[in-house]
Amino acid sequence: MPGSGERPAKRFALALPLAGTPGQDYVERRGIPLAVAHAAGLRFDPDWAGRPAVLVALRDHADAMVSVHGRYLSTLRGQDKMLTIGPGGGVVDIGERREAWHDANDGHDALDEPLILVEGLFDALSLAVCGCRCLATIGRWAPWLPEACADRLAWLAFDGNRPGEHEAAVYAARLSRVRRLPPPPRCKDWNTALCKRGRGEVSRWLREHLAAVDTAIP
């Protein structure tokens, strides 16, 4: 941690439960119920490198914490919106039964439900509100993903803009079986969609697209 030298796991352990903190107010303003955020493991740090932030752990294929991602509650011009500490190689796991996919050689069958990859924490939380399990990359590549996804169809639910399409193309080149899952029209990302269109409409969009057959990436 800048300024303190604390390791990610120690800093995360020192953070506060989300309930009753400004972090609860923040996630709820973004359309995420406290119960969903709590189930995802979010915590609150009033001094995450100088500013209050909500925190979440990034874990590797063996479920070990490797990094901690902090999303600031507010930003001024020129300030970063987030800060992630740790060496990388992990993802934010929102609702996934990790034992069914983290090790391609552990003898488990692939889940019938889709494996959805998103970029941001609040994209993942927004899909969780709509009943979908997903992994958030936080803009970092986890080198174990190809093996973990070898027997799974991966839906690339990155942002609906040029950077999101670029990210989808990168993952499509690295994973064996993929489909594109864009946010609804005129919505840059999934949290924007949730806040603008509501849970019901976003859930319908997800059901329709996850059942489609014309979203393959060549």
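Check the entry above for the structure.
The structure presented is a predicted model; accordingly, all values stated were derived computationally and were not measured.

A. Just the overall build of the protein, in detail. Along the backbone of the protein there are seven helices and ten strands. Split by element, the accessible area of the protein, about 10500 Å² in all, is 50% carbon and sulfur.

B. Molecular detail of the pattern of salt bridges. Evaluation of the coordinates by the stated rule reveals seven salt bridges. A salt bridge links Asp45 to Arg11, with the shortest nitrogen-to-oxygen separation between them at 2.9 Å. Of this pair, Asp45 sits in strand E2 (residues 43-48) while Arg11 sits in helix H1 (residues 8-14), and the two are 34 residues apart along the sequence. The burial state of Asp45 is the same as that of Arg11; both residues are buried. Sharing partners across several salt bridges, the network here consists of Glu6, Arg11 and Asp45.

C. Spatial organisation of the nonpolar core. Of all hydrophobic cores here, the largest spans 37 residues; its most connected members are Val27, Leu42, Ile116, Val118 and Trp190. Residue assignment for this core shows that the elements contributing at least two residues are helix H2 (22-29), strand E3 (51-59), strand E6 (92-94), strand E7 (115-118), helix H4 (121-129), strand E8 (134-136) and helix H7 (190-210). With near-sequence residues (within four places) excluded, Leu42 lies in contact with Leu18, Val27, Ala37, Val54, Leu55, Val56, Leu121 and Leu125. Residues Leu115, Ala142, Phe158 and Ala172 belong to the second largest nonpolar core, which totals 17 residues.

D. Examining the pairing of strand E4 (residues 65-72) more closely. The buried fraction of E4 is high, at seven of eight residues. Between E3 and E4, which pair antiparallel in sequence order, lie five residues; one of them, Asp63, sits at a positive phi of approximately 70 degrees.

E. Seen up close, the sheet that holds strand E1 (residues 16-17). If you walk across this open sheet you meet the five strands as E1-E2-E3-E4-E5, and the pairing is antiparallel. Bordering the open sheet on either side are E1 and strand E5 (82-85), each of which pairs with just one other strand. Those strands touched by H2 are E2, E3 and E4, and its axis lies near 75 degrees from that of E3.

About the thresholds
- Residues numbered from 1 in each chain as written.
- Predicted model: local features only at pLDDT ≥ 70, side-chain atom pairs only at ≥ 80, totals over all residues.
- Heavy atoms only, no water.
- Helix = DSSP H or I, 4+ residues; strand = E, 2+ residues; numbered from the N terminus.
- Areas by Shrake-Rupley, 256 points an atom, 1.4 Å probe, with all protein chains shown as cover.
- Salt bridge = Lys/Arg side-chain N within 4 Å of Asp/Glu carboxyl O.
- Buried < 20%, exposed > 50% of the residue type's maximum accessible area, 1.4 Å probe, protein only.
- Core = buried A, V, L, I, M, F, W, Y, C linked by side-chain atoms within 4.5 Å.
- Contact = heavy atoms within 4.5 Å.
- Pairing = 2+ DSSP bridges.
- Axes fitted to C-alpha atoms, helices over the stretch in contact; angles between N-to-C directions.

Honestly, it's all geometry; don't read function into it.
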